[in-house]
Amino acid sequence: MKRGLFFGLIAAAGLLAGAAFVVVGQTKVPPEAIQSSVIRSPQLMDRAWTLPVAATFGPNITWQSNGSRCGPASIANAFRSVGEDETTEAEVLDGTGMCWTGFCIIGLTLDELADLARMKTKRKVSVLRDLTADEFREHMKHANDPGRRYIVNFTREKIFGAGAGHHSPIGGYLEAEDLVLVLDVNEDYKPWLVERQRLFSAMDTLDGDKKRGLLLIE
């Protein structure tokens, strides 16, 4: 084996090992914290699933394949709900050059996720960042609009007490209860309801030098 190829393989192996370490680190939230931190009462969840946008997703969310690919999984689920062709992680990523190792190393930023979505759809894709609490509430009021799909980028730590950044689609908003339906693409969490203000606080955080926010597809 040539020396350059050998060291190249070693470097690639190190990269994948590092990615796996990041993925494991991102999923370390105790099951009891997952259950106690959000709302899953059958009555409210049943109502949430009948909301216009949630109904287009259906209860069978396609889970992310590993802890780093929540972004592509979120796009795939959102695309499925609006009838786009690319409805799997693999199809969303195919030909983009992103996450080529099988992992999205340290995850995708909100801007990278927007770039990925734009490569695969002719729909308008917007990054909504630096929102105020009132602006976020106005967007949640539009989350039941069948012509819109929102993906929220937030940190789990603010909601579950541990965990890192994450992307998931928003399925709708129960306005009377002020609860947002998050269609979590991680199978360990599954979809959940949370108070709008708590979700805003988890979104209104830094990812590097930029705020997290919403991705809007319309």
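This text follows the structure it describes.
Parameters at a glance
- Residues numbered from 1 in each chain as written.
- Predicted model: local features only at pLDDT ≥ 70, side-chain atom pairs only at ≥ 80, totals over all residues.
- Heavy atoms only, no water.
- Helix = DSSP H or I, 4+ residues; strand = E, 2+ residues; numbered from the N terminus.
- Buried < 20%, exposed > 50% of the residue type's maximum accessible area, 1.4 Å probe, protein only.
- Contact = heavy atoms within 4.5 Å.
- Areas by Shrake-Rupley, 256 points an atom, 1.4 Å probe, with all protein chains shown as cover.
- Salt bridge = Lys/Arg side-chain N within 4 Å of Asp/Glu carboxyl O.
- Pairing = 2+ DSSP bridges.
- Axes fitted to C-alpha atoms, helices over the stretch in contact; angles between N-to-C directions.
- Phe/Tyr/Trp six-rings, centres within 6.5 Å; stacked < 30°, edge-to-face > 60°.
- Lys NZ or Arg CZ within 6 Å of the ring centre and 35° of its normal.
- Core = buried A, V, L, I, M, F, W, Y, C linked by side-chain atoms within 4.5 Å.
- Left-handed = near helix turned anticlockwise from the far one by under 90°.
- Nonpolar A, V, L, I, M, F, W, Y, C, P; charged D, E, K, R; others polar.
- Arc of directions from axis to C-beta.

1. With respect to the overall build of the protein chain
Tallying secondary structure elements over the protein chain gives 10 helices and 8 strands in all. Within the span of the protein chain, comprising 218 residues, buried residues form 49% of the whole. In the protein chain, the proportion of contacts linking residues at least 24 apart, taken out of those at least 6 apart, comes to 65%. Accessible surface for the protein chain amounts to roughly 10,200 Å². Of this, 55% is attributable to carbon and sulfur atoms.

2. So, the pattern of salt bridges
Evaluated as defined, the whole model comprises 12 salt bridges. Of the charged contacts, one joins Asp-178 and Arg-196 as a salt bridge, the two residues approaching to 2.8 Å between their closest N and O atoms. Here Asp-178, found in the loop between strand E3 (165–174) and strand E4 (179–182), pairs with Arg-196, found in helix H10 (residues 196–203); they are 18 residues apart in sequence, far enough to count as distant. When its relative accessible area of 11% is taken as the criterion, Arg-196 is described as buried.

3. A closer look at the side chain of Glu-89
When you line up the elements, Glu-89 lands in helix H6 (residues 89–93). Assessed through its relative accessible area of 10%, Glu-89 is described here as buried. Glu-89 has contacts with Trp-63, Gln-64, Ser-65, Arg-69, Pro-72, Ala-73 and Ala-76, leaving out every residue within four places of it along the chain.

4. Observations regarding the side chain of Arg-156
Relative to the assigned elements, Arg-156 resides in the loop between strand E2 (149–155) and helix H9 (157–160). Excluding residues within four positions of it along the chain, Arg-156 makes contact with Gly-161, Ala-162, Gly-163, Ala-164, His-166, Asp-184, Asn-186, Tyr-189 and Trp-192.

5. Looking at the sheet that holds strand E1 (residues 125–129)
The 6 strands are arranged E1-E8-E2-E3-E4-E5 in an open sheet whose pairing can be described as antiparallel. Looking at the sheet topology across the chains shown, the edges are occupied by E1 and strand E5 (192–195). Looking at each pair of strands side by side, their axes are set apart by 35° on average, direction ignored. Summarising the sheet, E4 and E5 pair through 4 bridges and their orientation is antiparallel. Residue pairing in the sheet places Val-182 in a bridge with Trp-192 of E5.

6. Some thoughts on the packing of aromatic side chains
Each aromatic ring pair is characterised by the separation of its centres together with the angle its planes make. The tally for this structure, following the rule as stated, stands at 4 aromatic pairs. The ring centre of Tyr-189 lies 3.4 Å from the NZ or CZ of Arg-156, which sits over that ring. Directly above the aromatic system of Trp-63 lies the positively charged group of Lys-190, at a separation of 5.8 Å from the ring centroid.

7. Overview of the nonpolar core
Core analysis: the biggest nonpolar cluster contains 36 residues, and Ile-75, Leu-116 and Leu-193 have the highest contact counts within it. Taken together, the elements giving at least two residues each to this core come down to helix H3 (42–49), helix H4 (52–57), helix H5 (70–82), H6, helix H7 (110–120), E4 and strand E8 (213–217). Counting residues per element, this core draws most heavily on H5, which supplies 6 residues. Within the second largest apolar cluster, 27 residues are counted, among which are Ala-33, Ile-34, Met-140 and Ile-170.

8. Here we look at the packing of helix H8 (residues 133–141) against H10
For the pair H8 and H10, interaxial distance at closest approach is 10 Å and the crossing angle is 115°. Handedness of the H8/H10 crossing: right-handed. Residue-level inspection shows Ala-133, Phe-136, Arg-137 and Met-140 of H8 in contact with H10, the latter providing Arg-196, Gln-197, Leu-199, Phe-200 and Met-203. Among the residues forming the contact of H8 with H10, the class breakdown is 6 nonpolar, 1 polar and 2 charged.

9. Here's the deal with the environment of Ala-78
Within the secondary structure, Ala-78 sits in helix H5. For Ala-78, a relative accessible area of 3% puts it in the buried group. Considered as a pair, Ala-78 and Arg-149 are 71 residues apart in the sequence and their alpha carbons are 6.6 Å apart. Setting aside its immediate chain neighbours within four residues, Ala-78 contacts Phe-57, Arg-149 and Ile-151.

10. Considerations on H8
For H8, the set of buried residues is Phe-136, His-139 and Met-140. Around the axis of H8, the buried residues are gathered within 100° of arc, so they sit on the same side. Buried residues along H8 sit against E1, E2, E3, E4, H10 and E8.

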